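# Observations on chain architecture
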Amino acid sequence: MKKFLLALSVALLTLSCASAPEETTVTTFYLIRHAEKDRSEGVGNDPQLTEEGLQRAQRWAEVLGLEPLDAVYSTDYLRTRQTAAPAAKANELEIALYDPNAFDARAWITKHKGQRVLIVGHSNTTPMLVNTFLAEERFTEINDAVNGNLYVVTVMGETVGVELLLIE
């Protein structure tokens, strides 16, 4: 059911962008926050995922596996790389690292034109990147207890749309 809802949302978002006749190439960015991290005392500032987090990372790979991904990005933290790993493996891709503070949405749109790209970040950086794609401040930080937000950013020509889904 979750896969159907994701596919339906992407299709509807794509159709809503279809009114732009000058461009028919669709570029899709899937942005997620890392899965559940270890919050044990003494784990430092780069903790690994919990067992629940590893299971969520695998579910992300399944949900995003409806169509092949062309690229998988992660910040340079263990928890984000572990979240990205199952999707990268399923698509036979290497995880590319990115710096959310040096993010240029226009450059990413140009570089990945016509592709489907997963970007794994954090509770503060993921909504920030979505806002950068949209060129507006629509989304705020993700609540620290929420690890299931999926932002689907679709670009067709100069039209950029977003759908926010919650995947449990």
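Everything here concerns the structure above.
Right, let's walk through the structure included here. What you see is a predicted model; the values in this text were computed from it and never measured.

## Examining the pairing of strand β2 (residues 71-74)
For a regular strand, the rule is simple: side chains alternate between the two faces of the sheet. Of the two faces of β2, the one holding Ala71 and Tyr73 and the one holding Val72 and Ser74 are both buried throughout. Pairing between β2 and strand β4 (residues 116-121): four bridges, direction parallel. Across the sheet, the residue bridging to Val72 is Leu118, located in β4. Here β2 runs beside strand β3 (residues 95-97); their pairing, made up of three bridges, is parallel. Residue pairing across strands places Val72 opposite Ile95, the latter belonging to β3.

## Here's the deal with the sheet that holds strand β6 (residues 159-166)
Pairing in this open sheet of six strands is mixed, and the strands run β3-β2-β4-β1-β5-β6 from one edge to the other. Single-partner strands in this sheet number two, and they are β3 and β6. In this sheet, adjacent strand axes meet at a mean angle of 25 degrees when their direction is disregarded. Along the sheet, helix α3 (residues 78-90) contacts β1 (26-33), β2, β3 and β4; its crossing angle with β2, the most-contacted strand, is approximately 170 degrees.

## Re the environment of Tyr151
Residue position: Tyr151 is located in strand β5 (residues 149-156). C-alpha of Tyr151 to C-alpha of Ile32: the two residues are 119 residues apart in sequence and 6.5 Å apart in space. Side-chain polar atoms of Tyr151 contact the side chain of Asn149, separated by 3.4 Å.

## Overview of the side chain of Asn147
Position of Asn147 among the secondary structure elements: in the loop between α5 (125-134) and β5. Reaching out from Asn147, the side chain makes a polar contact with the backbone oxygen of His34 at a distance of 2.9 Å. Residue contacts for Asn147: discarding those within four places in its chain leaves Arg33, His34, Ala35, Glu36, Arg56 and Trp60.

## Topic: the packing of aromatic side chains
Any aromatic ring pair is given by two values, namely how distant the centres are and how the planes are angled relative to each other. Within the structure shown, the criterion is met by seven aromatic pairs. Seen from their ring centres, Phe103 and Trp108 are 4.8 Å apart, and the 50 degrees between their planes marks the pair as tilted. Residue classification places Phe103 among the buried positions, given a relative accessible area of 12%. By relative accessible area, which is 13% here, Trp108 ends up buried.

## Regarding the pairing of β6
Sheet topology places β5 next to β6; eight bridges connect them, and they run antiparallel. By the bridge assignment, Tyr151 is partnered in β6 with Leu164. The turn joining β5 and β6, which pair antiparallel and follow one another in sequence, is formed by two residues; a positive phi near 65 degrees is taken by Gly157.

## A look at α3
Structural remark: α-helix, 3.6 residues per turn; residues separated by three or four positions point the same way. Over its 13 residues, α3 runs 19 Å from end to end, which matches the ideal 18 Å to within 8%, given 1.5 Å per residue. Of all the bends in α3, the greatest reaches close to 35 degrees and is centred on Ala84; the proline Pro86 follows between one and four positions later. When α3 is considered as a whole, its buried residues turn out to be Arg79, Thr80, Thr83, Ala84, Pro86, Ala87 and Ala88. At its buried positions, α3 is contacted by β1, α2 (51-63), β2, β3 and β4. The positive-phi residue at the C-terminal boundary of α3 is Glu92, with phi of around 55 degrees.

Cut-offs applied
Residues numbered from 1 in each chain as written. Predicted model: local features only at pLDDT ≥ 70, side-chain atom pairs only at ≥ 80, totals over all residues. Heavy atoms only, no water. Buried < 20%, exposed > 50% of the residue type's maximum accessible area, 1.4 Å probe, protein only. Helix = DSSP H or I, 4+ residues; strand = E, 2+ residues; numbered from the N terminus. Pairing = 2+ DSSP bridges. Axes fitted to C-alpha atoms, helices over the stretch in contact; angles between N-to-C directions. Contact = heavy atoms within 4.5 Å. Polar contact = N/O pair within 3.5 Å; in protein donor to acceptor, adjacent residues only side chain to side chain. Phe/Tyr/Trp six-rings, centres within 6.5 Å; stacked < 30°, edge-to-face > 60°. Expected span 1.5 Å × (residues − 1). Bend = angle between axes of the 7 residues up to and from the residue.

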